[in-house]
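Residue-level structure breakdown
Here are the chains, one letter per residue:
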Amino acid sequence: MLIKKEDDTEQFGFFWPGKKEAKHIAAAPSAGTLVPVHGDGVDEETSRNIYIEGDNLEVLKLLNETYTGKIKMIYIDPPYNTGNDYVYSDKFGKFHFMWCSMMYPRLYLARKLLNENGVIFISIDDNELAHLRKICDEIFGEENFVAIVPRIAKRTSDKGTHFKPTKDYLVCFAKNLPMLSPFGIAKIRDEKKYDMIDKDGRRYKKSGASLYQPSLDSRPNQRYYIQAPDGSLIIPPGNVFPDKKEDTAKVKPLSNADKVWRWSADTYLKQKHLLIFTKGSSQNPLLDENGKQSKWNIYPKVFFDDDAAAKLHPEDVIYDFPNSQAAKELKSLGIPFDFAKPSGLIKYLISLIDDKEMTVLDFFCGSATTAHAVMKQNVQDSGNRRFIMVQIPEICKEGSEAAQSGYKNICEIGKERIRRAGKKIREEIGSLAKGIDTGFKVFRFVPSQ
Ligand SMILES: C[S@@+](CC[C@H](N)C(=O)[O-])C[C@H]1O[C@@H](n2cnc3c(N)ncnc32)[C@H](O)[C@@H]1O
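Residues numbered from 1 in each chain as written. Predicted model: local features only at pLDDT ≥ 70, side-chain atom pairs only at ≥ 80, totals over all residues.

1. Remarks on the overall build of the protein chain
A count of helices and strands for the protein chain gives 11 helices and 19 strands. Taking 22 Å as the expected radius of gyration for a compact globule of 449 residues, we find that the protein chain reaches 29 Å, considerably beyond that expectation. Taken along the three principal axes of its C-alpha coordinates, the protein chain extends 95 × 70 × 45 Å. Of the contacts made within the protein chain by residues no fewer than 6 positions apart, 71% connect residues no fewer than 24 positions apart. (Helix = DSSP H or I, 4+ residues; strand = E, 2+ residues; numbered from the N terminus. Rg over C-alpha atoms; globule rule 2.2 N^0.38 Å. Contact = placed C-beta atoms within 7 Å.)

Dropping the structure here:
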């Protein structure tokens, strides 16, 4: 948006009534302290996990006294401003500027907490996506934008006026993009399929793709003879042949009809031992040194340990973690909370980051799904990640399932979720649980007198 300033100069940026005030609020010191609440947590003496009750604006300011630059991952799921009156005031309605003023100082303080290779994921829907992107561009810098990833949230209810809504988004920004390690997901490999063992004891299989691929462009260093186990020479189809009839003798292709190997001659020399020679089929396009059909085909070996360690980039759409999973898991834990994200979603985000020791912060933590996700991922890969949860003690609505179940406020729900999730994990993994921190300490924000 272009606005004219009083002195008639023009400025480009995102402005809303109250932005100046929001900046002041971010800069003002906290009006209170955090005090420990004993007896509310689990393994309080030893646990490094923290649950904080209080308005996240104040809490973020206080966290900045100790944790500035120390947090690797933040996940938040702020009120979407949908106009629905659920939990904390998620009814800024058309007053989008109030939502912006609420988010601005919190994101500003959150950025300060991130370390240089840190990252933030923010769940949001169409109501505030555009505003959130602009606020993040300003606070984190456009150059640190990582992605906006749609997530399929539900496929069932036929609501909406023109389209049936099915998705929300994860807005992802880095503190400093060049410092953020690439995201990776390990592909599940079936070790049994690697059916050969080399002399070092490594399991391998034949690559699905032969060393000759007809689609390759003809390059100078890639048309050469390879010697087969029976002493014959092998070369891709074509019209020109090396002068010398010996292993690695090269010829420069004259056109794309002179086909080439996938490996250059130099690579071949270094990696000969990684090739498997098989009997060629009757359709075999490869030729011998006499220009006749070769008896051989050639495939690279593919090693299980290489494949198992290789990571793929995650897709920039998420299909696998709809909200229905959250409803199911909270039901099985007996926790009454309606607008939770599935722990699988946050666990998946955690798994993308190559750091098993990191601190994960969620300062709109609701039912503490992020705490659950951290514990689950630690179980999965023997990680040592810790969590910091922040939640305002918002009173449960009278008559709601939560109030009827005896929960006074959302903090009580979140803490009980962590207790139950931790207990379930300890029961499931038995003695292995010793190494996993399923406890937490509790702090409360107390305003200064
Ligand atoms: C959409 S919910 C988050 C749900 C959470 N992701 C889960 O899976 O349970 C947003 C939460 O932020 C809390 N909240 C809103 N404003 C807050 C504030 N200023 N400080 C701390 N928590 C706040 C709300 O009470 C609500 O529990």
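Don't stop here, the text continues.
2. Details of the domain arrangement of the protein chain
Looking at the protein chain, the domain boundaries give domain 1 (33-187 + 311-447) and domain 2 (191-308). Taking only C-alpha atoms, the centre of domain 1 and the centre of domain 2 are 51 Å apart. (Domains from an automatic or database assignment.)

3. Topic: the sheet that holds strand β5 (residues 71-76)
The mixed open sheet is built from 9 strands, whose spatial order is β3-β19-β4-β18-β17-β5-β6-β8-β7. A strand with exactly one partner marks an edge of an open sheet, and here the two such strands are β3 (32-42) and β7 (145-152). Here the strands of the sheet are splayed against their neighbours by 20° on average, with no regard to which way each runs. Sheet strands in contact with helix α2 (residues 56-67) are β3, β4 (50-53), β5, β18 (386-391) and β19 (440-447), and its direction is about 90° off that of β3. (Pairing = 2+ DSSP bridges. Axes fitted to C-alpha atoms, helices over the stretch in contact; angles between N-to-C directions.)

4. Structural notes on the sheet that holds strand β10 (residues 196-197)
In spatial order, the strands read β10-β11-β15-β14; together these 4 strands make up an open sheet with antiparallel pairing. The open sheet has two edge strands, β10 and β14 (275-279), and neither has a second partner. Bridge count for β10 against strand β11 (residues 203-206) is 2 bridges, and the pairing is antiparallel. In the sheet register, Ile197 faces β11, and the bridge partner there is Arg203.

5. With respect to the nonpolar core
Within soluble globular proteins, side chains that are nonpolar generally end up buried alongside one another. Core analysis: the biggest nonpolar cluster contains 70 residues, and Ile52, Ile74, Val171 and Met389 have the highest contact counts within it. Here this core gets 9 residues from one element, more than from any other, and that element is helix α3 (residues 96-113). Not counting the four nearest positions on each side in its chain, Ile74 is found in contact with Ala110, Leu114, Ile120 and Leu361. (Core = buried A, V, L, I, M, F, W, Y, C linked by C-beta atoms within 7 Å. Buried ≥ 20, exposed ≤ 12 C-beta atoms within 10 Å, placed from the backbone.)

6. Structural notes on the environment of Cys365
The residue Cys365 is located in the loop between β17 (359-362) and α9 (369-381) in this model. Spatially, the C-alpha atoms of Cys365 and Asp217 are 53 Å apart, while their sequence positions differ by 148 residues. When residues no more than four places from it in sequence are discounted, the contact partners of Cys365 are Thr370, Met389, Val390, Gln391 and Gly414.

7. Details of α3
Taking 1.5 Å per residue as the helical rise, α3 with its 18 residues ought to reach 26 Å, and the 26 Å between its terminal C-alpha atoms agrees with that figure. Along α3, the positions that sit buried rather than exposed are Trp99, Cys100, Ser101, Met102, Met103, Tyr104, Pro105, Arg106, Leu107, Leu109, Ala110 and Leu113. Against α1 (19-27), α2, β5, β6 (114-124), α4 (129-140) and β17 lie the buried residues of α3. (Expected span 1.5 Å × (residues − 1).)

8. Observations concerning the pairing of β6
Along any regular strand, the residues point their side chains to alternate faces of the sheet. Of all 11 residues that make up β6, 8 are buried, and the element is covered over most of its length. With 5 bridges connecting them, β5 and β6 associate as parallel partners. When the bridges of β6 are listed, Met73 appears paired with Val119. Sheet topology note: the β6/strand β8 (residues 167-174) ladder contains 6 bridges and is antiparallel. Looking across to β8, one finds that Ile122 is bridged to Val171.

9. Quick notes on the packing of α1 against α3
Geometry of a packed helix pair, given as the angle between the helix axes and the separation of the axes. It is the contact of α1 with α3, at a shortest axis distance of 9 Å, that shows an interaxial angle of 35°. Viewed along their axes, α1 and α3 form a crossing whose handedness is right-handed. In contact with Lys19, Glu21, Ala22, Ile25 and Ala26 of α1, α3 contributes Ser101, Tyr104, Pro105, Tyr108 and Leu109. (Left-handed = near helix turned anticlockwise from the far one by under 90°.)

10. Observations regarding α9
Taking 1.5 Å of rise per residue, 13 residues should cover 18 Å, and α9 covers 19 Å from first to last C-alpha, within 8% of that figure. Turning to α9, its buried residues are Thr369, Thr370, Ala371, His372, Ala373, Val374, Met375, Lys376, Gln377 and Asn378. Along its buried surface, α9 packs onto β5, α7 (323-333), α8 (343-351), β17, β18 and α11 (410-429). One or two residues past the end of α9 sits Ser382, with phi positive at roughly 50°.

11. Structural notes on the packing of α8 against α9
Their axes nearest at 8 Å, the elements α8 and α9 cross at an angle of 55°. Relative to α9, α8 is oriented oblique. Where α8 crosses over α9, the handedness of that crossing is right-handed. Residues Ser343, Ile346, Lys347, Ile350 and Ser351 of α8 pack against Thr369, Thr370, His372, Ala373, Val374, Lys376 and Gln377 of α9. Counted by class, the contact of α8 with α9 contains 4 nonpolar, 6 polar and 2 charged residues. (Parallel < 35°, antiparallel > 145°, perpendicular 65-115°, else oblique. Nonpolar A, V, L, I, M, F, W, Y, C, P; charged D, E, K, R; others polar.)

12. Observations regarding the environment of Gly439
Relative to the elements of secondary structure, Gly439 occurs in the loop between α11 and β19. The sequence separation of Gly439 and Glu142 amounts to 297 residues, and the corresponding C-alpha distance is 38 Å. Apart from residues lying up to four places away in sequence, Gly439 is in contact with Gly41, Val42, Asp43, Glu44, Thr46, Ser47, Asn49 and Gly422.

13. Notes on unusual backbone geometry
The residue Thr248 is not glycine, and still its phi comes out positive at about 70°. In this model, Ala368 sits at a positive phi of 65°, which is unusual for a non-glycine residue. Here Ala368 lies in the loop between β17 and α9. Residue Ala368 is classed as buried on the basis of its C-beta count, with 29 C-beta atoms lying within 10 Å.

14. Points about the environment of Lys356
Here Lys356 is to be found in the loop between α8 and β17. Exposure remark for Lys356: the 13 C-beta atoms within 10 Å place this residue in the partly exposed category. C-alpha of Lys356 to C-alpha of Ala340: the two residues are 16 residues apart in sequence and 25 Å apart in space.

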